[in-house]
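Chain by chain, the residues:
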Amino acid sequence: VAWMQALARVANVALTPMELARWAHRVEVVHFGEPGGHMDHVASALGGVHRIHSDWHVSRLDALEEGVWVVVDSGEPKDTRGHLTRCKAARQALVNAHGGQWVDPKVLEGWTVLSPDEQVLWKTTWTNAQLEETAAKAWTDVPALADLMAQHHEALRDGLGLSTERLERLGKAAKAAGAWGWKVVGSGGGGCALAWCPRDRAQAVH
């Protein structure tokens, strides 16, 4: 995003934040056929806190005034591209084979023909979407949001295999030190997580 902004300024081209995000995504992901999405580009170009949807629709959320966010680096090497490819390709193939749209698994036609792994993948994808929508409505409710973070982490861990033993230990330690919420972020398989905690517990959680 920063590089595209620099090129635009050198060329004396004025880009809106969303145009900048779209160009950055185009040159990094689309051009090279990479498996990543566009959340990073939108977040970097727009700043602030937003709900970012798959169709590029974006809605701003107020910054949370409660607590402190602690970014956790597990120090573990990870296969970012591999995880993104595995999760994205498998889910795209699954949804395309069954109507092309994610629906409540309870009403999905042909549910019984899905393999156990496909059922887990479908349930996880559906659950993640429902958790995001619920979290946006409960955005200022600390206990509710912390619980939703935990549910989302569990879905990413158990449904997509994106957590590790070290991340789980770090999460338990953060919660024991007073963190309200905890979840893996990014492509998973190591890498980073977030802990959300009261300001007076930030150092202990860190």
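Per chain, residue numbering runs from 1 following the sequence as it is written. Where totals are concerned, whole chains, interfaces and linings use all residues; where local detail is concerned, this predicted model gives features only for residues with pLDDT of at least 70, and gives and counts side-chain atom pairs only at 80 or more. Heavy atoms from the whole structure form the basis of all side-chain values; hydrogens and water molecules are not counted.

Caption draft 1: Broad picture of unusual backbone geometry. The phi angle at N12 is positive, at roughly 60 degrees, despite the residue not being glycine. Within the secondary structure, N12 sits in the loop between α1 (2–10) and α2 (17–30). Backbone geometry places W56, a non-glycine residue, at a positive phi of 75 degrees. Comment: elements are numbered from the N terminus, with helices defined as DSSP H or I runs of at least four residues and strands as E runs of at least two. Positionally, W56 belongs in the loop between β1 (49–52) and β2 (58–61).

Caption draft 2: Structural view of the pattern of salt bridges. Here, a salt bridge means any side-chain nitrogen of Lys or Arg that lies within 4 Å of a carboxyl oxygen of Asp or Glu. Enumeration over the complete set of coordinates arrives at five salt bridges. A salt bridge links E34 to R81, with the nearest nitrogen and oxygen atoms 3.1 Å apart. Here E34 is found in the loop between α2 and α3 (39–46), whereas its partner R81 is found in helix α4 (residues 80–96), with 47 residues between them in sequence. Only protein chains enter the area calculation, which uses a 1.4 Å probe; residues under 20% of their type maximum are buried, those over 50% are exposed, and those in between are partly exposed. Here E34 falls in the partly exposed class, since its relative accessible area comes to 24%. On the basis of relative accessibility, which here comes to 54%, the residue R81 falls in the exposed class. Here R157 ties to E168 by a salt bridge, and the two come within 3.1 Å at their closest N and O atoms. Taken together, the residues R157 in helix α6 (residues 142–160) and E168 in helix α7 (residues 165–176) connect sequence positions 11 residues apart. We classify R157 as partly exposed; its relative accessible area is 29%.

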